[in-house]
Amino acid sequence: MLEYEFEELELDYGAGYNLFTGITTETAGHREIIAARAARGWRYAGYLPVVQRGGGQLQVIDLIFERSRDDGQRREK
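Residues numbered from 1 in each chain as written. Predicted model: local features only at pLDDT ≥ 70, side-chain atom pairs only at ≥ 80, totals over all residues. Heavy atoms only, no water.

**Student:** Looking at this structure, I do not really get the overall build of the protein. What am I missing?
**Tutor:** Along the protein, the regular secondary structure elements total one helix and five strands. Going residue by residue from the N terminus, the α and β elements of the protein occur as β-β-β-α-β-β. Every one of the 77 residues in the protein was classed for burial, and the buried ones make up 25%. Residue pairs in contact within the protein that sit at least 24 positions apart in sequence constitute 56% of those at least 6 positions apart. With the model as given, the accessible surface of the protein reaches about 5600 Å², and the carbon-plus-sulfur share is 50%. (Helix = DSSP H or I, 4+ residues; strand = E, 2+ residues; numbered from the N terminus. Buried < 20%, exposed > 50% of the residue type's maximum accessible area, 1.4 Å probe, protein only. Contact = heavy atoms within 4.5 Å. Areas by Shrake-Rupley, 256 points an atom, 1.4 Å probe, with all protein chains shown as cover.)

Here's what the structure looks like:
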């Protein structure tokens, strides 16, 4: 059986608007979160948008992690 956990990550918007690329969106801390979870036995499975601005830019995402779990095993973060 697989167990899933979600970790919310707020995206940072770059400095200003560019006529060709629009608004720049950057993530900070995602690599550290993924590496820390991997060290505890979790596997990065993807992400889901949680909050999206009216212009279509993502503002908040959930990082999704999974790991195998025996039915008798306790949940740990």
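Next comes the rest of the description.
**Student:** Help me understand the side chain of D62, please; the structure alone is not making it clear to me.
**Tutor:** For D62, the location among the structural elements is in strand β5 (residues 58-68). In this structure, D62 is buried with no salt-bridge partner, the nearest side chain bearing the opposite charge being R37 at 9.6 Å. With residues near it in sequence (within four places) discarded, D62 still touches F6, E7, E8, G46, Y47, L48 and V50. (Lys, Arg positive; Asp, Glu negative; His and termini not counted. Salt bridge = Lys/Arg side-chain N within 4 Å of Asp/Glu carboxyl O.)

**Student:** Looking at this structure, how should I read the pairing of strand β4 (residues 43-52)?
**Tutor:** The side chains of a regular strand alternate between both faces of the sheet. Bridge count for β4 against β5 is eight bridges, and the pairing is antiparallel. The residue bridging Y47 from the neighbouring strand is L63, located in β5. Counted along the chain from β4 to the antiparallel partner β5, the turn is five residues long, and its residue G56 has a positive phi close to 100°. (Pairing = 2+ DSSP bridges.)

**Student:** What should I look at first to understand the packing of aromatic side chains in this one?
**Tutor:** The geometry of an aromatic ring pair is captured by the separation of the ring centres together with the interplanar angle, meaning the angle of the planes. Under the counting rule described, the total for this entry stands at one aromatic pair. Here Y44 and F65 contribute two aromatic rings whose centre-to-centre distance is 6.1 Å and whose plane-to-plane angle is 65°, an arrangement assigned as edge-to-face. Residue Y44 is found in strand β4, and its partner F65 is found in strand β5; the two are separated by 21 residues along the sequence. Looking at Y44, the relative accessible area reads 33%, which means it is partly exposed. By relative accessible area, which is 0% here, F65 ends up buried. If you follow R37 out to its NZ or CZ, it ends over the ring of F65, 5.0 Å from the centre. (Phe/Tyr/Trp six-rings, centres within 6.5 Å; stacked < 30°, edge-to-face > 60°. Lys NZ or Arg CZ within 6 Å of the ring centre and 35° of its normal.)

From the geometry alone we can't say anything about function, so treat these as descriptive.
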